[in-house]
Amino acid sequence: MIDTTKKLTPKERLAIPPQEMPAQDPIARRRNMEEVALGYSEEQARLEALRCLQCKNAPCIPSCPVRIDIPGFIAQIAEGNYKEALTILRESNLFPAICGRVCPQEVQCQSTCTVGRSLKDIDKAVSIGRLERFAADWERLHGELEVPPVKPSTGKRVAIIGSGPAGLAAAADLAKEGHQVTIFEAFHKPGGVMIYGIPEFRLPKAIVQREIEILERMGVKIITNFLVGRTRSLRDLLEKDGFDAIFIGSGAGLPKFMGIPGENLVGVFSANEYLTRANLMKAYEKGKADTPIYPAKRVAVLGGGNVAMDAARMAVRLGAEEVFVIYRRTEKEMPARVEEVAHAKEEGVIFRFLENAKRILGDEKSRVIGIECLSYQLGEPDASGRRRPVEIPGSEHVIEVDSVIVAIGNESHPLLLQTNPEIAVDKHGHIITDETGKTSMDRVYAGGDIVLGSATVILAMGQGRRAAASIHNFLMGNS
Amino acid sequence: MHRIVSKKQLSEEVFRITVEAPYIAEARKPGQFVIVQRNSDYAERIPLTIADADPIRGTITLIFQTVGKSTHKLAELEVGQYIQNILGPLGRPTHIERFGRVVCVGGGIGAAPMYPIAQAMKQAGNHLIVILGARTKELLIMEEEMRAIADELIVVTDDGSYGRKALVTEPLKELCQASPRPDCVVAIGPPIMMKFCAETTRPFGIKTIVSLNTIMIDGTGMCGGCRVTVGEETKFVCVDGPEFDGHLVDFNNMMLRLSAYKEIEQKAHEECHLEMKLKEMNSAKGKGNP
Ligand SMILES: Cc1cc2nc3c(=O)[nH]c(=O)nc-3n(C[C@H](O)[C@H](O)[C@H](O)COP(=O)(O)OP(=O)(O)OC[C@H]3O[C@@H](n4cnc5c(N)ncnc54)[C@H](O)[C@@H]3O)c2cc1C
Ligand SMILES: Cc1cc2nc3c(=O)[nH]c(=O)nc-3n(C[C@H](O)[C@H](O)[C@H](O)COP(=O)(O)OP(=O)(O)OC[C@H]3O[C@@H](n4cnc5c(N)ncnc54)[C@H](O)[C@@H]3O)c2cc1C
Ligand code: SF4
Ligand code: SF4
Ligand code: FES
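Below you will find a few notes about this structure. Fair warning: this is a prediction, and the values are worked out from it, not measured in the lab.

### Describing the overall build of chain A
- Check the secondary structure of chain A and you find 18 helices and 16 strands.
- In terms of C-alpha radius of gyration, chain A reaches 23 Å, essentially the compact-globule figure of 23 Å for 479 residues.
- Taking the principal axes of the C-alpha coordinates as reference, chain A spans close to 65 × 65 × 50 Å.
- In chain A, buried positions account for 59% of the 479 residues.
- Considering only contacts within chain A whose residues lie at least 6 apart along the sequence, 69% involve residues at least 24 apart.
- Put simply, chain A has 61 plus and 62 minus side-chain charges, and the middle of one group is 1 Å from the middle of the other.

### A word on the packing of aromatic side chains
- Tallying each qualifying case throughout the model produces 13 aromatic pairs over all chains.
- Considering the side-chain rings of B:Phe15 and B:Phe64, the 6.0 Å spacing of their centres and the 20° angle between planes classify their relative orientation as stacked. Residue B:Phe15 is located in strand E2 (residues 14-20), and its partner B:Phe64 is located in strand E5 (residues 59-65); the two are separated by 49 residues in the primary sequence. The residues B:Phe15 and B:Phe64 share a single accessibility class, namely buried.
- By way of ring pairs, the aromatic residues A:Phe184, A:Phe226, A:Phe243 and B:Tyr23 are connected into one cluster.
- Here A:Lys282 stacks its cationic end above the ring of B:Tyr42, 4.9 Å away from the centre of that ring.

### Focus: the pattern of salt bridges
All names here are of chain A.
- Throughout the structure, instances matching the rule amount to 53 salt bridges over all chains.
- One salt bridge connects glutamate 347 with arginine 29, and the closest N-O pair in it is separated by 2.5 Å. Of this pair, glutamate 347 sits in the loop between helix H15 (338-346) and strand E9 (350-353) while arginine 29 sits in helix H2 (residues 26-29), placing them 318 residues apart in sequence. Both residues of the pair, glutamate 347 and arginine 29, count as buried.
- The salt bridge involving glutamate 285 is made with lysine 288; its shortest N-O contact spans 3.7 Å.
- Judged by its relative accessible area of 21%, glutamate 285 is partly exposed.
- Here the salt bridges do not stand alone but share partners, grouping Arg29, Arg130, Arg202, Asp310, Arg313, Arg317, Arg337, Glu339, Glu340, Glu346 and Glu347 into one network.

### Remarks on the site of ligand 4
All names here are of chain A.
- As a structural note, the neighbourhood of ligand 4 is formed by Cys52, Leu53, Cys55, Pro59, Cys60, Ile70, Pro71, Cys113, Thr114, Val115 and Ile128.
- Of all the elements in the fold, those that place two or more residues in the shell around ligand 4 are helix H4 (70-79) and helix H7 (114-118).
- Looking at the shell around ligand 4 residue by residue, the class counts come to 10 nonpolar, 1 polar and no charged.

### Points about the pairing of strand E15 (residues 233-236) of chain B
- Alignment of strand E14 (residues 227-230) of chain B against E15(B), held across 4 bridges, turns out to be antiparallel. Considered in E15(B), the bridge of B:Arg227 is made with B:Phe236.

### So, the interface of chain B and chain A
- Listed per partner, the contact involves 45 residues of chain B and 44 residues of chain A.
- Buried surface at the junction of chain B and chain A, both sides included, amounts to about 3800 Å², of which 53% is carbon and sulfur.
- Contact with chain A buries area across many residues of chain B, yet B:Tyr42, B:Met222 and B:Tyr261 alone supply 21% of it, more than any other trio.
- There are 4 salt bridges connecting chain B and chain A.
- A salt bridge links A:Lys240 to B:Glu26; the nearest nitrogen and oxygen atoms lie 3.7 Å apart.

### A short note on the site of ligand 2
All names here are of chain B.
- Taken together, 22 residues surround ligand 2, and among them Pro47, Ile63, Gln65, Thr71 and Asn213 come closest.
- Here a nitrogen atom of ligand 2 and a backbone polar atom of isoleucine 63 are 2.8 Å apart.
- For ligand 2, an oxygen atom lies 3.1 Å from a polar atom in the backbone of glycine 68.
- Notes on ligand 2: free accessible area 880 Å², of which the protein chains cover 86%.
- Contributing elements (two or more residues each) for the shell around ligand 2: strand E4 (46-54), E5, helix H2 (69-76) and helix H9 (262-288).

### Side note on helix H9 (residues 165-176) of chain A
Residue and element names in this part refer to chain A.
- The terminal C-alpha atoms of H9 lie 17 Å apart, and with 12 residues this matches the ideal 16 Å at 1.5 Å per residue to within 8%.
- Across the 12 residues that make up H9, a large majority, 11, are buried.
- Residues Pro165, Ala166, Gly167, Leu168, Ala169, Ala170, Ala171, Ala172, Asp173, Leu174 and Ala175 constitute the buried set of H9.
- On the buried face of H9, the contacting elements are strand E1 (157-161), strand E2 (180-184), helix H10 (193-196), helix H11 (205-217), strand E4 (245-248) and helix H18 (457-475).
- Looking one or two residues past H9, glycine 178 carries a phi angle of roughly 95°, positive in sign.

### Side note on the packing of H4(A) against helix H5 (residues 82-92) of chain A
All names here are of chain A.
- Here H4 crosses H5 at 170°, and the two axes come no closer than 7 Å. When the axis of H4 is compared with that of H5, the two are roughly antiparallel. Judged by residue contacts, Gly72, Phe73, Gln76 and Ile77 of H4 engage Tyr82, Glu84, Ala85, Ile88 and Leu89 from H5.
- Taken together, the residues of the contact of H4 with H5 break down into 6 nonpolar, 2 polar and 1 charged.

### What to know about the sheet that holds strand E14 (residues 403-406) of chain A
Residue and element names in this part refer to chain A.
- In spatial order, the strands read E6-E14-E7-E8-E9; together these 5 strands make up an open sheet with parallel pairing. Looking at which strands have only one partner, the edges of the open sheet turn out to be strand E6 (268-270) and E9. Strand-to-strand twist in this sheet, taken as the mean axis angle between neighbours without regard to direction, amounts to 20°.
- As judged from the 4 bridges shared by strand E8 (residues 322-327) and E9, these two strands associate in the parallel manner. From the neighbouring strand, valine 325 faces E9, where its bridge partner is phenylalanine 351.
- Across the face of the sheet, helix H14 (residues 306-317) comes into contact with strand E7 (298-302), E8, E9 and E14 while running at roughly 165° to E8.

### Digging into the environment of A:Arg329
Residue and element names in this part refer to chain A.
- Structurally, arginine 329 can be placed in the loop between E8 and H15.
- Arginine 329 sits in the buried class, given a relative accessible area of 6%.
- Distance from arginine 329 to glutamate 355, taken between C-alpha atoms, is 7.4 Å for residues 26 residues apart in sequence.
- Residues in contact with arginine 329, not counting those within four places in the same chain, are Phe353, Leu354, Leu378, Asp382, Arg386, Arg387, Arg388 and Pro389.

### As for a negative patch on the surface
- On the surface, B:Glu12, B:Glu138, B:Asp158 and B:Asp159 cluster together into a patch of negative charge.
- Take B:Asp159: its relative accessible area is 40%, and that puts it in the partly exposed class.

### Side note on the sheet that holds E5(B)
Residues and elements named next belong to chain B.
- What the 7 strands build is an open sheet, ordered E6-E1-E2-E5-E4-E3-E7; its pairing is antiparallel. Every interior strand has two partners, whereas the edge strands, strand E6 (82-83) and strand E7 (85-90), have only one.
- As paired strands, strand E1 (residues 2-9) and E2 are joined by 5 bridges and run antiparallel to one another. Paired with lysine 7 across the strands is isoleucine 17, a residue of E2.

### A few points about unusual backbone geometry
- With an omega of 0°, the peptide bond between B:Ser179 and B:Pro180 qualifies as cis.
- Residue position: B:Pro180 is located in the loop between helix H5 (169-177) and strand E12 (184-188).
- Along the chain, B:Gly241 connects to B:Pro242 via a cis peptide bond; the corresponding omega equals 15°.
- Looking at the secondary structure, you find B:Pro242 in the loop between helix H7 (237-240) and strand E16 (243-245).
- Here A:Ala58, not a glycine, exhibits a phi torsion of approximately 35°, which is positive.

Criteria and thresholds
Residues numbered from 1 in each chain as written. Chains lettered and ligands numbered in written order. Predicted model: local features only at pLDDT ≥ 70, side-chain atom pairs only at ≥ 80, totals over all residues. Heavy atoms only, no water. Helix = DSSP H or I, 4+ residues; strand = E, 2+ residues; numbered from the N terminus. Rg over C-alpha atoms; globule rule 2.2 N^0.38 Å. Buried < 20%, exposed > 50% of the residue type's maximum accessible area, 1.4 Å probe, protein only. Contact = heavy atoms within 4.5 Å. Lys, Arg positive; Asp, Glu negative; His and termini not counted. Charge placed at Lys NZ, Arg CZ, Asp CG, Glu CD. Phe/Tyr/Trp six-rings, centres within 6.5 Å; stacked < 30°, edge-to-face > 60°. Lys NZ or Arg CZ within 6 Å of the ring centre and 35° of its normal. Salt bridge = Lys/Arg side-chain N within 4 Å of Asp/Glu carboxyl O. Near = heavy atom within 4 Å. Nonpolar A, V, L, I, M, F, W, Y, C, P; charged D, E, K, R; others polar. Pairing = 2+ DSSP bridges. Buried area = accessible area lost by both parts, 1.4 Å probe. Polar contact = N/O pair within 3.5 Å; in protein donor to acceptor, adjacent residues only side chain to side chain. Areas by Shrake-Rupley, 256 points an atom, 1.4 Å probe, with all protein chains shown as cover. Expected span 1.5 Å × (residues − 1). Axes fitted to C-alpha atoms, helices over the stretch in contact; angles between N-to-C directions. Parallel < 35°, antiparallel > 145°, perpendicular 65-115°, else oblique. Patch = residues over 30% accessible without salt bridge, like charges linked within 9 Å, V, L, I, M, F, W, Y side chains within 5 Å.

Nothing here speaks to function; it is all geometry.
This is the structure we're talking about:
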């Protein structure tokens, strides 16, 4: 056992083995919706925290999009001061329990960690995300729900469109400054992708709901079932309803399809549809939920990102016998988080690399019976530096499946912009903002996926906070 | 929360409810719809057309047929009770203009969503001909309302129990052959009816608008579940529609997609009926032995 009371040398710290996160048994979790990763025990957390070298230059900090004082909060965990750790986390990150779970740490904070570098293995970097999760969970399990103090009312009103991470973060910061904040959300539940997209087994909904409850206690009003652009226009919100400013965080909600023959057959779904049925509409609670889900036994998931992993792992849990992830490059190029890929493999998801769908085949009732694929090989690197997949002529082959989930990404949600042509967008339909988050329309700001394209939870939050700061400046007349 | 302020059974399977929804009542235009969800926990989100609205009282009227579990559960709600979630108005409004002669074909429950469109077409100065069709007399709805606004009203039933014994396509064809010919046809009803209305007008080259009732989840363009093939393109009914050029819609694909959950829905529907029966029996028993 390591004596945590005396100061450790860097060498001793590097000798501590990386702490593995306990996880639910893969066989058991194939058939339940409960969280897969179980979180560190206190002892594990403190050991993992001791692995941090407390680097003076802290190369991890600039790799975190919200620049958390990483060595600072880790030192507190090492000392057993979990509450203090959380206070440091919350200075930069409003939702550590969420980010600790879903951040792609291996390409963010942990990618530059000195420990990973010294051990020549990025997987051996300090598990910053897991520690962040630990501190947040500890408070959730041991502490009262703490509502941050709110400044006296400024009398200014801000409308926030969309309740994803961008909107929630903006709302929190603006409410703290004493502005009256109303969030408008199209769905019947707030949370954006964190509620309808990312599955329960990766991000328990209770965690997201708790963050939202804190916001409500801070006085933020949330109006669900309200589609800005249809229920009311942006102009109406400013002119009729008297909002002083608007933040748009409407996300990248438009599912992309492949444009291949057979895509409109019965049994072909966008990942958005599949995951919304399963998560938001709780189709997995058979017998309780009224929303049906397609009873698929052999499922092909097209794509290689987080969305594809979520869809594939959800299909496993909903009773599919074989689930294939079809990706046209190799595992190395897959954009999904390494941990999700590993979990998917443990759960029996079958990866078919260097293959791509050419068309989807149906029976006489237009139900999916298979997918015709082409094999690929890697050619020259393309603009993104990744080697371009090149199809092998004549390599057509059929995989028998009864369902296909298209998970090749999302584009920006067009509705709000269709109905508000005064907001300038780029050629991808992303809202153009200046560096403060301001759009081309007066008093209207934007952030998150609607500006960045499909990004991450933490980036969306960062953008929400940045825009909140400039809205605050604008409202107080010191911009 | 949306309180039900009035409720009326229009036929054995058709109900009309008026509910509080002030924003929607103010913003809605003919042809638009809402997504209704009884409660946030386990209920389904189902699309229903806004049949009428009163912006002053802040209410909207929905007319629906009990075809499955969700519509049955909706029909169980009484005046004073609440629907938790209503989202809208959704979809693009009907393109209303002064075409000249307009024929509105409402089949079955389709007469309900047709009403606000017919009303607007009339107001725009069109000569309005309405064809109402139903399987049988008991299922015919909106006759009085339509009679009040139409220049000509033609009623048909499949079994001849009321009006003319015919399918809606018969009088439609006659109108197309007559002179002056209609300048625009709007058809709303079961997909098969809309398909054949479009086939009827196609040889005459008469513009034909149909309103598609695909399966939907969000109704905001985010899931793609409502997609249909129109011309060579994939369209999302909830944001690009619900109305499309009937001559371009791939109805066969649409009908097959509508049946995606048929078995599950049928089972849910049967269970729902069983439950209703049990309830009825229990309450009868309750009355028998106080
Ligand atoms: C399946 C899936 C898995 C993912 N996994 C990860 C992960 O592991 N880690 C990670 O960091 N990121 C992940 N992401 C990406 C991440 O979720 C997004 O980058 C992030 O949620 C974007 O936040 P946002 O606030 O911009 O928008 P969103 O979360 O998309 O929220 C936008 C909200 O706005 C609402 N809305 C849209 N238009 C209107 C309107 N007109 N009126 C009212 N409301 C409107 C929508 O209903 C929605 O609730 C994943 C995404 C998906 C789809
Ligand atoms: C834009 C739009 C507007 C609509 N407006 C109205 C309206 O004003 N009044 C009304 O009664 N209905 C309307 N519908 C149809 C209505 O949404 C469905 O009847 C309802 O969702 C059925 O739900 P359920 O659970 O009761 O039945 P389910 O169990 O889902 O279905 C029962 C049976 O009905 C069939 N069915 C399912 N959905 C539809 C559908 N959309 N159209 C035809 N058959 C279907 C199924 O194949 C099944 O056999 C509209 C649909 C759309 C897309
Ligand atoms: S917020 Fe994300 S990137 Fe930043 S420290 Fe936490 S896990 Fe790392
Ligand atoms: S780089 Fe790694 S070791 Fe250094 S302070 Fe950051 S987390 Fe600790
Ligand atoms: S209902 Fe989801 S995109 Fe139309």
